[in-house]
Number of protein chains: 2
Amino acid sequence: MRVAVDAMGGDHAPLEVVRGAIRALTEEAELNVVLVGREAEIRVEIEAAKAEAEFPAVGERLSIVHAEQVVGCDENPLEALRKKKDNSIVKSFGLVAEGHADAVVSAGNTGAVVGAATLIWRMIPGIRRAGIAVAVGTKDQHTVLVDVGANVHCKPIHLLHYGIMASIFAELALGHKNPKVALLNIGAEEAKGNPLVKETMQLLTKAPLNFIGSVEGNDIFDHRADVVVCEGFVGNVMLKVSEGLSATLHARFEDIVGKIVKTHPSPALAEAIADFRRATDYAEIGGAPLLGVNGTCLICHGRSDRRALGNAMKLAGRFVKANVVQTIQEGVAAHQEGES
Amino acid sequence: MRVAVDAMGGDHAPLEVVRGAIRALTEEAELNVVLVGREAEIRVEIEAAKAEAEFPAVGERLSIVHAEQVVGCDENPLEALRKKKDNSIVKSFGLVAEGHADAVVSAGNTGAVVGAATLIWRMIPGIRRAGIAVAVGTKDQHTVLVDVGANVHCKPIHLLHYGIMASIFAELALGHKNPKVALLNIGAEEAKGNPLVKETMQLLTKAPLNFIGSVEGNDIFDHRADVVVCEGFVGNVMLKVSEGLSATLHARFEDIVGKIVKTHPSPALAEAIADFRRATDYAEIGGAPLLGVNGTCLICHGRSDRRALGNAMKLAGRFVKANVVQTIQEGVAAHQEGES
């Protein structure tokens, strides 16, 4: 599996992207990484990594493709794509389109990534809008939220497609058998919800899915469902509220309880503190697939570190190996035949 | 201040409502509580409380008004209000309408409470839709979210009014000076957000408010704003995600770290654990005001216990004393004069 990685995307690029690539290549022997971006800057980081002697024998598995321009994270996405023809995002998608790579990973400007994927790869036949699916939870148990911000003008048919695509993602890439799919709502009563939710409920009920009905916000972290479908604005708010609250709680924990290990050394306490950190490490699995476009693309948080970026590259490899995009294409085609 | 309390509302009614009333009356000498509901059932709970000898000398400050019917929390709100004429919710609002009480507190069916308030009290002149405002955060610092579920068909003018009303609530009842008001959005870029957000942004920018622009979901718990305005579906999801995640994290904390005090007694550790619990106790302040209706109404979570219910009754008293509803009426009238 050859992954084209946007080396210039993210708050800590290219440093963390290069280090992430080295981690991924070390941990996953079948992986190849093409770093896309300003070659000189990328080489500096590779040399720095080599100087630290942590550089493994990745040989030919790591390569560089030069792209001169960088899309900033606050730039207007479509304007940037129009003005900066030779940017690292567009070039990454181009490598896949030309058959030189199998997947793209980027922590860059999300709007530009979604725009480039849609323009260069096009959509899977039958799918109208792309959606970003994020797997949230602890290491042991994930719930996939979709969409978390690609589409703020959702129609019921978009949400139906998100459910079908995310169900395949959850099954093939995350290992959930016959994933339970739910629709995010604000109450169990049929009378509740807005028109979008009510119409989507009809579609999901008839779809070839293990659809369990609606869930509320508080059900997400109870893992009531494997896939939760919602429109992009709500999904984005939900994701960021979770991140913000989790970060706040963990910061307080470190301030108040975490530092007590230093003044009161105790193996049992140290172990309990480490256990709590592990059990409540709501780290994303590294990358969020952009579902609906005709290829494998994983979007990373702008503030991703080497661990998250490396995990995303490994996940991209699993995606390709498990034929997720092809299975989605077949699933959508089968569903449409059933409809007509 | 005389507060009419729906004694039959909530998962633990009338037990927790009666105990909450006793707490509030004990802690707040100026308060009077009228318990509205099935008199016999309420008396049983009062006698039980007396038998436990925790009953203070509240005398005439606690009274009962009988209502025969109860609206279930899963009933269709408007149907229930139509069929059950003599229910505890309607009777509570009636007591205020007739001048026998100054405010209503209910943990019952939210839709029925909003419906009864709107039908019996009517709206404040100029306000079109009621919104529920919840103060979230720790004891020291609250952020008011509005709306969290009364209105899932929000128009920009509704959100503008929520901003104006919640700002007055935050100032008079929560003590925030010149409250910072923000609009919930999914990115700092102007290009982001949906049409509702973009139009509301225009209105809030021109309003007589300390409007600081947009905030994202992760800014809520950083207390970037004192008031965050959003439409009811998003607000409800946000609130419930916060509740769910916070409950999950705290449960893990108690499981893993909290119990270590028993096996490793240490005053410093016990203190740190208690500090963490206090610092991350994201308890609501007890009741969420229903803003926009012509009177003081506080809505409580269905699962509220005696502490939350008692706090809501005390908050209702503060609301009445601080003339919140009257100030909102004047604020809305002044804003409308400025507009015309």
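Residues numbered from 1 in each chain as written. Chains lettered and ligands numbered in written order. Predicted model: local features only at pLDDT ≥ 70, side-chain atom pairs only at ≥ 80, totals over all residues. Heavy atoms only, no water.

Things to note about the relation of the copies chain B and chain A
- The two copies are related by a screw motion: chain B maps onto chain A through a turn of 180° and a shift of 0.0 Å along the axis, at an RMSD of 0.1 Å. The superposition of one copy onto the other is thereby described by a two-fold rotation axis.
- Looking at the interface residues of chain B, 100% of them are also at the interface in chain A, so both copies use one shared face. (Least-squares fit on C-alpha atoms with pLDDT ≥ 70 in both. Contact = heavy atoms within 4.5 Å.)

So, empty space enclosed by the protein
Residues and elements named next belong to chain A.
- Tallied over the full model, the rule gives 3 cavities of 30 Å³ or more.
- For the largest cavity, the calculated volume is near 60 Å³.
- Among the elements of the structure, strand 7 (180-184) and helix 7 (195-206) are those that each provide at least two residues to the lining of the largest cavity. (1 Å grid on protein atoms, 1.4 Å probe; cavity = no way out; pocket = protein on both sides within 12 Å on 5 of 7 lines; lining within 4 Å. Points joined across faces, edges and corners; volume = space filled by probe spheres on them. Helix = DSSP H or I, 4+ residues; strand = E, 2+ residues; numbered from the N terminus.)

Some words on the interface of chain B and chain A
- Each partner contributes residues to the interface: chain B has 50 residues there, and chain A has 50 residues.
- Approximately 4500 Å² of surface area, both sides summed, lies buried where chain B meets chain A, with 75% of it carried by carbon and sulfur atoms.
- The interface formed by chain B and chain A includes 2 salt bridges.
- Note that A:E216 and B:K240 form a salt bridge whose closest N and O atoms lie 2.3 Å from each other.
- Run the count over chain B and chain A and you get 4 residue pairs in polar contact (both at pLDDT 80 or more).
- If you list the elements that add at least two residues to the side of chain B that touches chain A, you get helix 7 (195-206), helix 8 (232-258) and helix 10 (267-279) of chain B. (Buried area = accessible area lost by both parts, 1.4 Å probe. Salt bridge = Lys/Arg side-chain N within 4 Å of Asp/Glu carboxyl O. Polar contact = N/O pair within 3.5 Å; in protein donor to acceptor, adjacent residues only side chain to side chain.)

What about the pattern of salt bridges?
Residues and elements named next belong to chain B.
- Counting across every chain of the model gives 29 salt bridges over all chains.
- Residue E30 is joined to K321 by a salt bridge in which the shortest nitrogen-to-oxygen separation is 3.0 Å. One end of the pair, E30, is in the loop between helix 1 (15-27) and strand 2 (32-37); the other, K321, is in helix 11 (residues 306-321), and 291 residues separate them in sequence.
- Residue classification places E30 among the partly exposed residues on the basis of a relative accessible area of 43%.
- Residue class for K321 comes out exposed when judged on its relative accessible area of 54%.
- E39 is the partner of R43 in a salt bridge, and the nearest nitrogen-oxygen pair spans 3.0 Å. (Buried < 20%, exposed > 50% of the residue type's maximum accessible area, 1.4 Å probe, protein only.)

Quick notes on the sheet that holds strand 11 (residues 296-299) of chain A
All names here are of chain A.
- Spatially, the 11 strands line up as an open sheet ordered 3-2-1-4-11-10-5-6-9-7-8, and their pairing is mixed. The open sheet has two free edges, formed respectively by strand 3 (62-66) and strand 8 (210-215), since each of these has just one partner strand. Recorded for the sheet is a direction-independent mean angle of 25° between the axes of neighbouring strands.
- Those strands touched by helix 2 (residues 39-51) are strand 2 (32-37) and strand 3, and its axis lies near 155° from that of strand 3.
- Sitting on the sheet, helix 11 (residues 306-321) is in contact with strand 1 (2-6), strand 2, strand 4 (103-106), strand 10 (288-291) and strand 11, with an inclination near 155° to strand 11. (Pairing = 2+ DSSP bridges. Axes fitted to C-alpha atoms, helices over the stretch in contact; angles between N-to-C directions.)

Some points on unusual backbone geometry
- At the junction of B:A13 and B:P14, the peptide bond is cis and its omega measures out at 0° in the coordinates.
- Structurally, B:P14 can be placed in the loop between strand 1 (2-6) and helix 1.
- Going from B:V146 to B:D147, the amide bond is cis rather than trans, its omega being 5°.
- Its place among the elements puts B:D147 in the loop between strand 6 (142-146) and helix 6 (156-172).
- In this structure, A:R122 is a non-glycine residue whose phi angle is positive, near 70°.
- Looking at where A:R122 falls in the secondary structure, it is placed in the loop between helix 5 (110-121) and strand 5 (131-137).
- With a phi angle near 55°, B:H223 is a residue other than glycine that sits in the positive phi range.
- Tracing the sequence through the fold places B:H223 in the loop between strand 8 (210-215) and strand 9 (227-229).

Some points on the nonpolar core
- Counting residues in each nonpolar core, the largest one holds 241 residues, and the members touching the most others are A:L35, A:M313, B:L35 and B:M313.
- With 11 residues, the single largest contributor to this core is helix 8 (residues 232-258) of chain A.
- Apart from residues lying up to four places away in sequence, A:M313 is in contact with A:V3, A:V5, A:V17, A:G20, A:A21, A:A24, A:L31, A:V33 and A:V105. (Core = buried A, V, L, I, M, F, W, Y, C linked by side-chain atoms within 4.5 Å.)

Points about the pairing of strand 6 (residues 142-146) of chain A
Residue and element names in this part refer to chain A.
- Taken across its 5 residues, strand 6 has 5 buried, putting it largely inside the fold.
- Alternating positions in strand 6 separate into two faces, H142, V144 and V146 on one and T143 and L145 on the other, with burial throughout.
- Pairing geometry for strand 5 and strand 6, over 5 bridges, is antiparallel. If you follow V134 over to strand 6, its bridge partner there is L145.
- As defined by bridge partners, strand 6 adjoins strand 9 (residues 227-229) across 3 bridges and the pair is classed as parallel. Looking across to strand 9, one finds that V146 is bridged to V229.

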